[in-house]
2 protein chains.
Amino acid sequence: MDVVILGSGNVATHLAKALKAEGENVVQVYSQNLDNAKLLATEIGADAIANYTNLISTADLYIISVKDDAINEVAAQLKNVKGLVVHTSGTTDINVLSKHGLKSGVFYPLQTFSKAKSISFDNIPLCIEAEIESDLDTLEKLANSLTSKVYKLNGEKRKVLHLTAVFACNFPNHLYALAAKILDSNQLEFDILRPLIFETADKVMTNLPIDVQTGPAVRDDQNTINKHLSMLNNLPELQDIYQTLSNSIKITHK
Amino acid sequence: MDVVILGSGNVATHLAKALKAEGENVVQVYSQNLDNAKLLATEIGADAIANYTNLISTADLYIISVKDDAINEVAAQLKNVKGLVVHTSGTTDINVLSKHGLKSGVFYPLQTFSKAKSISFDNIPLCIEAEIESDLDTLEKLANSLTSKVYKLNGEKRKVLHLTAVFACNFPNHLYALAAKILDSNQLEFDILRPLIFETADKVMTNLPIDVQTGPAVRDDQNTINKHLSMLNNLPELQDIYQTLSNSIKITHK
């Protein structure tokens, strides 16, 4: 399949490399910034472009992987292409593409990507959607070549999933960062927490989180909760987070 | 080393098994509830007791692994023992033991234990403390036989560590549970989030969390944040958590 990648961020990069590794023919990488386009294009043997006039119109698939609020603007430039056009956003409706008269789809990988860390696609859930059944078949085949976890989801469900990813990924990572901050101000290394963080996540690989909750709040150990809150007296923002989450644990397990 | 375990909960169970596996001689398991004591004692070839009058006084080490607010009461029953007495609590001062005239120490494994999941001790941080240098040496030797991660920490630092464990373990697990709840009410499976949860934890095994934060709040993507908040209109408690943590991410990354 001839594929054009529009974007050069974390998702575009990981996806382009995975497609290349599966034998797809990634022909062009577009970015507003030619240097960024080149960085990715060189790695996967594609052409880098920074001008829509250079875009080929005959590719089978155009993957728009840019910031949510830039998707519309990129899609508007693709009016002459014949191939299937997808975006990779969890929160954006498919009609941001179809309203431009494009053959439209969504190809949303549910994962947290950093340039700093390579990751295998095998185990990444890919959520797909298309306006036409035959396009959905095309995306399903492609997705199956990348991962064993392919989900056909409409826009509403995809948006719910994206919301839960904030709870399951962005917020926990921030709580790790707050823990690191407290440790640091007490001359303790973050490294000491790493086995605990890993085990906490590993535990829910085979259990439901509600069944393996531990800590003072689920035990209703108000004595320890009060000690912790008083240790955070000089950090009212963290005290607020501690209180809010502890109350929520208590309510959930009442 | 002859060891007596006082307690039969998650920590007592995992610790007793690990000590046994390292060749220590676990001679007795005490629990208020004889059936619970038997359950653990049978597994490790020890005697089960439910009455302090049956406690041997000649063991080298007594490990009190009970609820924090029961430690004092158990310690009060050990006045006649000659060996070292330790507790396994992150939040309890060593003087809950020493005030009873015991040779006192702390042996605190920083991990989340569930009966449902076995876990290797190799990688678990063990935080040790003792009143007397020679007792600290004894605990260090024992701890080193169980894990490569041994930390000598005073009570103040241990309490800080325990507080950060709530942020790095108990709260993230609850956020996983909230995500599961949202998914469930939208007929989506928790399984779809598992690779993301795993990767989020795995990422901070080699990075600092502040360097790998992702999501709408760190991008200051207020449009997505507003969409998410409106999706939570019928769940004010989750809306409050979303708002509190998003604000904290924004402040941290400003």
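The structure displayed is predicted, hence computed values, not measured ones.

**Some thoughts on the packing of aromatic side chains**
Inspection of the entire model under this criterion finds 11 aromatic pairs over all chains. An angle of 25° between the planes, with centres 4.3 Å apart, marks the rings of A:Y30 and A:Y52 as stacked. Residue A:Y30 is located in strand β2 (residues 25-30), and its partner A:Y52 is located in the loop between β3 (47-49) and β4 (61-64); the two are separated by 22 residues in the primary sequence. Accessibility expressed as a relative area gives 6% for A:Y30, which makes it buried. Ring geometry for B:F167 against B:F171: centres 5.4 Å apart, planes inclined by 75°, an arrangement best described as edge-to-face.

**Overview of the relation of the copies chain B and chain A**
In this arrangement, two copies of a chain are superimposed by a rotation about an axis accompanied by a shift along the axis. When chain B is fitted to chain A, the best match, at an RMSD of 0.1 Å, comes from turning it 180° and sliding it 0.0 Å along the axis. Overall, the copies show the geometry of a two-fold rotation axis. Within chain B, B:P172 has its C-alpha nearest the rotation axis, a separation of 2.4 Å. Both copies present the same face, since 100% of the interface residues in chain B are matched by interface residues at the equivalent positions in chain A.

**Focus: the packing of helix α6 (residues 155-184) of chain A against helix α7 (residues 194-203) of chain B**
Where α6(A) meets α7(B), the closest approach of the two axes is 9 Å, and the angle between their N-to-C directions is 15°. Here α6(A) lies roughly parallel to α7(B), going by the angle between them. Where α6(A) crosses over α7(B), the handedness of that crossing is right-handed. Judged by residue contacts, A:A165, A:A168, A:C169, A:N173 and A:Y176 of α6(A) engage B:L196, B:I197, B:T200 and B:A201 from α7(B). Looking at side-chain class alone, the contact of α6(A) with α7(B) contains 7 nonpolar, 2 polar and no charged residues.

**With respect to the nonpolar core**
One recurring pattern in soluble globular proteins: nonpolar side chains tend to sit buried together. Core analysis: the biggest nonpolar cluster contains 80 residues, and A:F167, A:L175, A:Y242, B:F167, B:L175 and B:Y242 have the highest contact counts within it. With near-sequence residues (within four places) excluded, B:Y242 lies in contact with A:L163, A:V166, A:F167, A:F171, B:P216, B:I225, B:H228, B:L229 and B:L232. Counting residues in each nonpolar core, the second largest holds 31 residues, with B:A12, B:V26, B:F121 and B:L126 among its members.

**Observations regarding the interface of chain B and chain A**
Each side of the interface is counted separately: chain B has 88 residues, and chain A has 88 residues. On the surface where chain B and chain A come into contact, there are 0 salt bridges. Where the side of chain B that touches chain A is concerned, the elements lending two or more residues are α6 (155-184), α7, α8 (222-231) and α9 (236-252) of chain B. A total of 25 residues in the side of chain B that touches chain A trace back to one element, the largest contributor, which is α6(B). Grouping the constituent residues of the side of chain B that touches chain A by class yields 50 nonpolar, 24 polar and 14 charged.

**Side note on the packing of α6(A) against helix α9 (residues 236-252) of chain A**
Residues and elements named next belong to chain A. Here α6 crosses α9 at 130°, and the two axes come no closer than 12 Å. Here α6 lies oblique to α9, going by the angle between them. Read as a crossing pair, α6 and α9 show a hand that is left-handed. Where α6 approaches α9, its residues L175, L178, K181 and I182 are matched on the opposing element by L238, I241 and L245. Along the lines of polarity and charge, the residues of the contact of α6 with α9 split into 6 nonpolar, no polar and 1 charged.

Cut-off values and rules
- Residues numbered from 1 in each chain as written.
- Chains lettered and ligands numbered in written order.
- Predicted model: local features only at pLDDT ≥ 70, side-chain atom pairs only at ≥ 80, totals over all residues.
- Heavy atoms only, no water.
- Phe/Tyr/Trp six-rings, centres within 6.5 Å; stacked < 30°, edge-to-face > 60°.
- Helix = DSSP H or I, 4+ residues; strand = E, 2+ residues; numbered from the N terminus.
- Buried < 20%, exposed > 50% of the residue type's maximum accessible area, 1.4 Å probe, protein only.
- Least-squares fit on C-alpha atoms with pLDDT ≥ 70 in both.
- Contact = heavy atoms within 4.5 Å.
- Axes fitted to C-alpha atoms, helices over the stretch in contact; angles between N-to-C directions.
- Parallel < 35°, antiparallel > 145°, perpendicular 65-115°, else oblique.
- Left-handed = near helix turned anticlockwise from the far one by under 90°.
- Nonpolar A, V, L, I, M, F, W, Y, C, P; charged D, E, K, R; others polar.
- Core = buried A, V, L, I, M, F, W, Y, C linked by side-chain atoms within 4.5 Å.
- Salt bridge = Lys/Arg side-chain N within 4 Å of Asp/Glu carboxyl O.

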